[in-house]
Amino acid sequence: PAPIPVDGPAFPQVGVTAPKTMRLLPASGRKATQKVVVGDQDGVITCFGIKKGEAVTVFKTLPGQKIARLELGGALNTPQEKIFVATGSEVRGFTKRGKQFLSFETNLTESIKAMYVHISGADLFLCASYIYNHYCDCKDQHYYLSGDKINDVLCLPVDKVNCITPVLACQDRLLRVLQGSDLLYEVEVPGPPTVLALNNGNGGDSGEEIVYGTSDGKLGLIQITDSKPVPRWEIGNEKKRGGILCIDSFDILGDGVKELLVGRDDGVLEVYNFESADDPTLRYDHALSESITSIQGGCVGKDGYDEILASTYSGWLTGLTTEPVHREGGSGEELKLSQEMQSKISSLRNELEHLQIKVLQEREKYQQSSHSSTAVSSVPAFSVNDKFTLNKDDASYSLILEVQTAIDNVLVQSDVPIDLLDVDKNSAVVSFSSCDSEPNSNFLLATYRCQANTTRLELKVRSIEGQYGTLQAYVTPRIQPKTCQVHQYQIKPLSLHQRVHSIDQDRPMNTLTLKGQFSFAEIHSWVVFCLPEVPEKTPAGESITFYFQNTFLGTQLESTYRKGEGCFKSDNISTISILKDVLSKEATKRKINLNISYDVNEDSVKHTLKLIHPKLEYQQLLAKKVHLIDALRELQVHEGNVDFLLPKYRSILEEADQLLEEYKRQPAHLERLYGMITDLFIDKFKFKGTNVKTKVPLLLEILDGCDQDGLIAFFEAA
């Protein structure tokens, strides 16, 4: 059987690392083991090898600006062992011995976010947030302004495709394929792409195959031909794992075919192999406690045994090796290996004891100095890696907080009504504080107390559309003196809407039209304020169209605007109502007079009710089943068996745990649906100039009956 990786040698810890900042240098000379080179956010490049199970440093640079990317390069048909790092707006080059041979200050006004060094070594592809630049021998060749943020860049191998074809991974769920300074075409992908890699490390036989990973955990392979994209395969994220940060190709199973190595932001490392030529199969996974920023396959610790090497956010490097930890049969080799393992463990224990003593000494020194009248306590700096994203599957927001040291507690505060949802991976203890919503607009105060050594915390919240404000997270790590960092996240008026590539134009649509003396930049800033996933930078050109889908209901929105005019179309009248209120308020703040007109489609209300009703029916049935569970369990205890019950009641008892789990996961789901139908009712008549708030109690009675035809009839009769 093929070897399966197990924990390998212990590597040193560096500073906090960004994605794609660790690589393995090619093996040189007779030695088959490879050196590791890693760049951190202290600006330090560390290169080391492993000798007799111990890390031996080859070189280490002085601290500087944060290192955003680290790539290897070299002349064609020579080992790719020159080290290139992107730091600020500068690219530096180092030899494998640590001697600097390049310091290239680019003309970029922002810091470099993504970098790719072509195999030729002469071509450099750099990206800031929205800007792409191609340099050849440090001379500017091509430039492109992207419509949304660029997350990664690579170029197809020139020796295979005979032309320079850069590919940009952009936040708006598109891969942009360039030719020179022009857009050749766009490729739609199922989520915001965060990382790109050449398939098999060389683009496959044609050199045109690219593997992409998305921030919502999907993986795919696309062939980039000179005229159009050809999708090869796509893997969803059924297990609801984290976003993909890094990808590599390496034959870790020793079967002659390179496997796909994947690192995710929830610490899951995956190995996919290609049993059939079409789709990859998950062969192995391993969970680390932090997000994996870089992943590489190679031979580092011991000659003849391949490894997977991963770097994590806080700077830990972890190896998974194919070296057997013990051998069957009582050979002398088994004894030798176990002694080697024992000496490894004892040296680690000694190192740990030494560190604990050192920490105690430093703590005592700090306590003594704090009593001195001249001592000044400095605030310790710590890095927080945060991500606030909308999940399409359950219309909730995930807030992920990762700290370079252990978290003590996180206080979450919101000035708008939001629901906190259960997260399976979350082991923290949550406690709620009562809060006064009237004078202070304080709707949520919750404290998460973390267990020892927790460095990553995931929370889930669900917002209500039309209610907008700020969610704040106060993060306190386990460091002395006690320090707290505050991170703010905007809850937008149409917070449950997500960008899509296209919408169904045949639906009955309501239209809102704005006209006035406003610039393109001003109306764009209002749209950014209202809707998530809109790039902050004003788009190039005279007008722009964005499409959105409501993740909770499935309704849609088309937004087209230019200088002096904006047009918004939606099949949900409540979406139009929220936009009308918020855009009017924003224009009033800037003293801009708006001419607002709207066209209400009566059929759209019936259409929206038909979208909501199945969800309403399902949630009402779930609530009824949950309320029956206790009574049915009591019957079961008294009667001994439940054979006399009707099949539908027996099935409730059999599925009780799943029903309770589902109900617990979405506590206020039914209330939210009631609220949406009530808003729809009020908004329908608001556009006619009628106030129907007195009829709401009657509407709620009809909702309890849950009859779709009766509900539609009530809306029409009112």
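All values reported here derive from a predicted model rather than from experimental measurement.

1. Digging into the domain arrangement of the protein
Taken domain by domain, the protein holds domain 1 (249-322), domain 2 (384-489), domain 3 (497-571 + 592-600) and domain 4 (603-717). Each of domain 1 and domain 2 was reduced to a C-alpha centroid, and the two centroids are 32 Å apart. A buried area of about 680 Å², summed over both sides, lies between domain 1 and domain 2, and 41% of it is on carbon and sulfur atoms. When the buried area of domain 1 at its contact with domain 2 is split by residue, Asp265, Asp266 and Tyr313 rank highest and sum to 65% of it. Applying the counting rule to domain 1 against domain 2 returns two salt bridges. Measuring nitrogen to oxygen at the nearest pair gives 2.6 Å for the salt bridge that ties Asp265 to Lys387. Linking domain 1 with domain 2 are four residue pairs in polar contact (both at pLDDT 80 or more). Looking at the side of domain 1 that touches domain 2 residue by residue, the class counts come to one nonpolar, three polar and three charged.

2. Section: the pattern of salt bridges
Think of it this way: side chains of opposite charge can pair up when their charged atoms draw near. Summed over all chains, the structure comprises 32 salt bridges. For Lys20, the salt bridge goes to Asp152, with nearest N and O atoms at 2.7 Å. Of this pair, Lys20 sits in the loop between strand S1 (6-13) and strand S2 (22-24) while Asp152 sits in strand S14 (residues 150-155), and the two are 132 residues apart along the sequence. When its relative accessible area of 18% is taken as the criterion, Lys20 is described as buried. Between Asp571 and Arg507 there is a salt bridge; the shortest N-O distance is 2.7 Å. Taken as a pair, Asp571 in the loop between strand S42 (565-570) and helix H5 (573-589) and Arg507 in the loop between strand S38 (497-500) and strand S39 (510-516) lie far apart in primary sequence, 64 residues in all. Among the residues examined, Arg507 registers a relative accessible area of 18% and is labelled buried.

3. As for the side chain of Ser146
One can find Ser146 in the loop between strand S13 (139-145) and S14. Judged by its relative accessible area of 5%, Ser146 falls in the buried class. There is a polar contact of 2.7 Å between the side chain of Ser146 and the backbone oxygen of Asp148. The contact partners of Ser146, leaving out residues within four places of it in the chain, are Tyr130, Cys170 and Arg176.

4. Regarding the sheet that holds strand S22 (residues 244-250)
Taken in spatial order, the four strands line up as S22-S23-S24-S25 in an open sheet, and their pairing is antiparallel. Lying at the two open borders of the sheet, with one neighbouring strand each, are S22 and strand S25 (281-287). Averaged over all adjacent pairs, the angle separating strand axes in this sheet is 20°, with direction ignored. Sheet analysis places strand S23 (residues 259-264) next to strand S24 (residues 268-273), joined by four bridges and oriented antiparallel. Note that in S24 the partner of Leu260 across the bridge is Tyr272.

5. Regarding the environment of Pro193
Mapping Pro193 onto the fold places it in strand S18 (residues 193-198). Among residues more than four places away in sequence, those in contact with Pro193 are Asn151, Ala169, Cys170, Arg173, Leu174, Leu175, Gly213 and Thr214.

6. Let's talk about the packing of aromatic side chains
Two numbers describe a pair of aromatic rings. These are the distance of the centres and the angle of the planes. Considering all chains together, one arrives at 15 aromatic pairs under this definition. Each residue in the set Phe520, Phe546, Phe548 and Tyr561 is aromatic and connected to the rest through ring pairs, giving one cluster. The residue whose ring lies beneath Lys82 is Phe101, and the NZ or CZ to ring-centre distance is 5.9 Å.

7. As for the pairing of S23
Among the six residues of S23, six are classified as buried, and the element is accordingly described as predominantly covered. Here S23 shows a buried face lined by Glu259, Leu261 and Gly263 and a second buried face lined by Leu260, Val262 and Arg264. Inspection of the sheet shows S22 paired to S23 by six bridges, in the antiparallel sense. Pairing of Ile247 across the sheet is with Val262, part of S23. Taken together, S23 and the strand that follows it, S24, pair antiparallel across an intervening segment of three residues, in which Gly267 is found at a positive phi of about 90°.

8. Digging into the packing of helix H10 (residues 696-705) against helix H11 (residues 708-717)
At a minimum axis distance of 9 Å, the contact between H10 and H11 shows a crossing angle of 165°. In terms of axis orientation, H10 runs roughly antiparallel to H11. The element H10 and its partner H11 pack so that their crossing is right-handed. Touching Leu698, Leu699, Ile702 and Leu703 of H10 are Gly710, Leu711, Phe714 and Phe715, all from H11. Counted by class, the contact of H10 with H11 contains seven nonpolar, one polar and no charged residues.

Thresholds applied
Residues numbered from 1 in each chain as written. Predicted model: local features only at pLDDT ≥ 70, side-chain atom pairs only at ≥ 80, totals over all residues. Heavy atoms only, no water. Domains from an automatic or database assignment. Buried area = accessible area lost by both parts, 1.4 Å probe. Salt bridge = Lys/Arg side-chain N within 4 Å of Asp/Glu carboxyl O. Polar contact = N/O pair within 3.5 Å; in protein donor to acceptor, adjacent residues only side chain to side chain. Nonpolar A, V, L, I, M, F, W, Y, C, P; charged D, E, K, R; others polar. Helix = DSSP H or I, 4+ residues; strand = E, 2+ residues; numbered from the N terminus. Buried < 20%, exposed > 50% of the residue type's maximum accessible area, 1.4 Å probe, protein only. Contact = heavy atoms within 4.5 Å. Pairing = 2+ DSSP bridges. Axes fitted to C-alpha atoms, helices over the stretch in contact; angles between N-to-C directions. Phe/Tyr/Trp six-rings, centres within 6.5 Å; stacked < 30°, edge-to-face > 60°. Lys NZ or Arg CZ within 6 Å of the ring centre and 35° of its normal. Parallel < 35°, antiparallel > 145°, perpendicular 65-115°, else oblique. Left-handed = near helix turned anticlockwise from the far one by under 90°.

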